[in-house]
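One-letter residues, chain by chain:
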Amino acid sequence: ITTFMSYLSLLCFICEHYMCSIIKFIFSKTSLAGLHIPEARKCKNFNYREFKFAQTLIFAVEEINRNPDLLPHLKLGYKIYNTCGTMDILRAALALVSGLENEISNENCTKIKTIQAILGHSGSRPTIAFAQVVGRFHIPVVHFATCACLSNRKEFPTFFRTIPSDFYQSRALAKLVKHFGWTWIGAIAVDNEYGLSGIATFIQAAQEHGVCTEYSESFSSSGPPETLQRIVEVVKRATSKVIVAFMSHREIKLLAQELYSQNITGLQWVGSDAWITDHSLTDSSGHSILLGSLGFTVSKAKILGLEEHLRGLHPAQFPTSAFMTEFWEDRFACSLNITGSTGRRPCSGSESLQNDTSPFTDVTELRFTNNVYKSVYVVAHALDNLMKCEKGEGPFSEGSCTSFRLTEYVCFFQVLHYINTVRFNTSEGETVYFERSGDSPARYELVNIQLTDKGTLEGRTVGIYDASLPEDHQFIMSDEPIAPVSVCTQRCLPGTHKVLQKGKPVCCFDCVPCPPGEISNSTKLLGTLLVLFSLLGVFLTTFMFLIFYCHKETPIVRANNSELSFLLLFSLTLCFLCSLTFIGRPSGWSCMLRHTAFGITFVLCISCVLGKTMVVLMAFRATLPGSNMLKWFGPAQQRLCVVAFTFVQVLICILWLTISPPYPFENMEYYNDRIILECALGSALGFWAVLGYIGLLAMFCFILAFLARKLPNNFNEAKFITFSMLIFCAVWVTFIPAYVSSPGKFLVAVEIFAILASSYGLLFCIFLPKCFIILFRPELNTKKHIIGKT
């Protein structure tokens, strides 16, 4: 008694104006007619939302009882307790516990006509209270309270929910805020475990994403009005334009109404699932300031047959139900009690819900209602698995099953086990199961509150969040809404730097001009020019490749070894592209990639040029009497030559990366007042080996081309190769002293310039004359002209 009274004293101040439902399951061999509701005091305000939950439960139970494949030999029954606040909720919990009769062992085994599961209150705070009470008796509690605290298996060992924990929702909201670039926000929560736990998790996750919180406040709808007024003043003085509201529909209505009355508008609201899709928001006089709100909520679903069930309700179906009586009288503003003096007109009997347009009968957007429906089926499937257990394949010792039969006993821990392991698919294909903590998989829809033609607020889905996906793909936006800017300080312009404001978060800073010589006040032009020249080289190479491909059957292309020409153009494209890896902030991968990519692509390029040179020489020698040199240097040998030369460079690069690869380095040797970010070579021997091998091939190719420069051809390929190699060697000979003497960013610029200059030299010297003839002198593109007989 002392333990239970402590719960009552802690939670007795919860709102007592709304009807809630605790659902108790029982078993019977026959179907139950009607709905039994224990006597309870009448709630001051009727809550259609909770009544809809109760009717969904009844619909699900009746649907299961009609299903011959699910619990074929038993009928589910239910009791619904009318509870108007935490006091009555705990009374109901104690009544359920005290009704456990005929205990036959220390394992709380009970007769089959007692409860086997409870579908609890939809709010987190009441659920925390009664789940601790009934959890001591191993009674399973299944519902959709979202507080992350309920995942604690030590405190709540029997709690399961068909909705994700607020832990995931809080982190999803942090990702949402980061997505829109809101780095300066306010946070307001309901003053209970649900709100305080949720907002604390959100603030922690937001800090990880670089988001700062200007203020964090909490209040309760049942708290003193002064607290609400103080929070309104905080919002009025704040500079942030985004408010994350982790609260229920009761608190958000009060807050929105007060802000609206004081004309505080222009705020972007980010809401929790407890209010973001609540239809009753329209009832608040300040609902207009909530337009455009964003928030995560559970996914929509369809429940076939539920609309017909709701529209077919009538007091005659439940003559003893206080719920139904109060609902009917409130909905049609009439009195079913003819003798009582309620001040309302007597009901005519012709009232019907068939043409009802209220949210109660609206099933177009079932979210939380679907969780009630799933909760009933969780219990049904668990009991069905328990019933159909085969001896030797059971989950208990030595493969045994529970002793549950029609007239025997069942232990709560056995039912608990089957709920733990339940797994089934809904009619819409959703897989329902529980994780170790009793939670469901975390998947939300992102909704944007908009005004409908009927003047009501409606949440339109604009994205999803799925925690089961990889980190970078969990949050997906399908329709980007217009969002305001909410930052403490705008980004500093070039020429200024950040100075943190005293006593403010890191998101708040002043932009102070940089001292002379520290940083330029304009964007650097050098990097942009180098990128443009690199892309121009790629474009020209691609253009010449297309010209050669479109004229590949012409004599000038065929005479110059078309296969090696195409391979050379491809390697030149890679040479132009590899220069881009030298631009930008150095990283571990970019440092290793830039030098190895440069070394391998240039060797591939020089190998192709060398192959073309050797073909020219072999072709001339083959014309001499008795010579068969072309037989020994055909296409297969040419390909093998290119692969062999390139493989040597690949081997050098692998050794370099294995022994001592390049790495990012903060160079502080050149200047005392600044740090230069660059790539250290790692092994200098590896770098010079790569360059040396390129130079060796280039010199060999130059010598062969020089020897073949005077061959008696009208169109001598060797002349163009000689010029290209002369440019190539000249560029890289001058590169070495320039590279050694260039400091900082100019060292990289020299490297890029050498790559681009040598690439353009090869491209223009070898391919530009041929393209000129193909496009502008087609009369020279003949076999007779090529062999010099004209």
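Below, the structure is looked at part by part. This is a predicted model, so every value here is computed, not measured.

**Brief notes about the sheet that holds strand 8 (residues 212-219)**
Here is step 1 of the chain: Taken in spatial order, the eight strands make up an open sheet running 8-7-9-10-11-17-18-19, and their pairing is mixed. Looking at strand neighbours, the two that pair on one side only are strand 8 and strand 19 (475-477), the edges of this open sheet. Across the sheet, the mean angle separating the axes of adjacent strands is 25° when strand polarity is ignored.
Here is step 2 of the chain: Looking at chain direction, strand 17 (residues 443-451) and strand 18 (residues 457-466) are connected through nine bridges and run antiparallel. The partner of N448 across the bridge, within strand 18, is R460.
Here is step 3 of the chain: Along the sheet face, helix 7 (residues 225-237) touches strand 7 (184-190), strand 8 and strand 9 (242-246) and points at about 165° away from the line of strand 8.

**Observations regarding a nonpolar patch on the surface**
Here is step 1 of the chain: Together, L525, L529, L532, F533, L536, F539, F543, F772, L775 and F776 make up a nonpolar patch on the protein surface, roughly 1,000 Å² of accessible area in all.
Here is step 2 of the chain: Residue assignment for the nonpolar patch shows that the elements contributing at least two residues are helix 13 (525-550) and helix 20 (745-776).
Here is step 3 of the chain: No other element matches the seven residues that helix 13 contributes to the nonpolar patch.

**Things to note about helix 10 (residues 322-332)**
Given 3.6 residues per turn, any residue in an α-helix points the same way as the ones three and four places further on.
Here is step 1 of the chain: When helix 10 is considered as a whole, its buried residues turn out to be F323, M324, E326, F327, W328, E329 and F332.
Here is step 2 of the chain: Capping of helix 10 at its N-terminal end is provided by S321; its side-chain oxygen lies 3.3 Å from the backbone amide nitrogen of F323.
Here is step 3 of the chain: Following helix 10 by one or two positions, A333 adopts a phi angle in the positive range, close to 50°.

**With respect to unusual backbone geometry**
Here is step 1 of the chain: For N263, which is not glycine, the phi torsion reads 55° and is therefore positive.
Here is step 2 of the chain: Residue position: N263 is located in the loop between helix 8 (249-261) and strand 10 (268-271).
Here is step 3 of the chain: With a phi close to 50°, A333 is a non-glycine residue in the positive phi region.
Here is step 4 of the chain: By the element assignment, A333 lies in the loop between helix 10 and strand 12 (334-335).

**Digging into the pattern of salt bridges**
Here is step 1 of the chain: Tallying each qualifying case throughout the model produces 16 salt bridges.
Here is step 2 of the chain: The closest approach of N and O atoms between E50 and R49, which form a salt bridge, is 3.9 Å.
Here is step 3 of the chain: For E50, a relative accessible area of 5% gives the class buried.
Here is step 4 of the chain: Note that R345 and E351 form a salt bridge whose closest N and O atoms lie 3.7 Å from each other.
Here is step 5 of the chain: Residue R345 is classed as partly exposed on the basis of its relative accessible area, which comes to 44%.
Here is step 6 of the chain: The exposure class assigned to E351 is buried, which follows from its relative accessible area of 10%.
Here is step 7 of the chain: Connected via shared salt-bridge partners are E365, R367 and E445.

Quick notes on the rules
- Residues numbered from 1 in each chain as written.
- Predicted model: local features only at pLDDT ≥ 70, side-chain atom pairs only at ≥ 80, totals over all residues.
- Heavy atoms only, no water.
- Pairing = 2+ DSSP bridges.
- Helix = DSSP H or I, 4+ residues; strand = E, 2+ residues; numbered from the N terminus.
- Axes fitted to C-alpha atoms, helices over the stretch in contact; angles between N-to-C directions.
- Contact = heavy atoms within 4.5 Å.
- Patch = residues over 30% accessible without salt bridge, like charges linked within 9 Å, V, L, I, M, F, W, Y side chains within 5 Å.
- Areas by Shrake-Rupley, 256 points an atom, 1.4 Å probe, with all protein chains shown as cover.
- Salt bridge = Lys/Arg side-chain N within 4 Å of Asp/Glu carboxyl O.
- Buried < 20%, exposed > 50% of the residue type's maximum accessible area, 1.4 Å probe, protein only.
- Polar contact = N/O pair within 3.5 Å; in protein donor to acceptor, adjacent residues only side chain to side chain.

In short, the description is geometric, and any link to function would need to be established separately.
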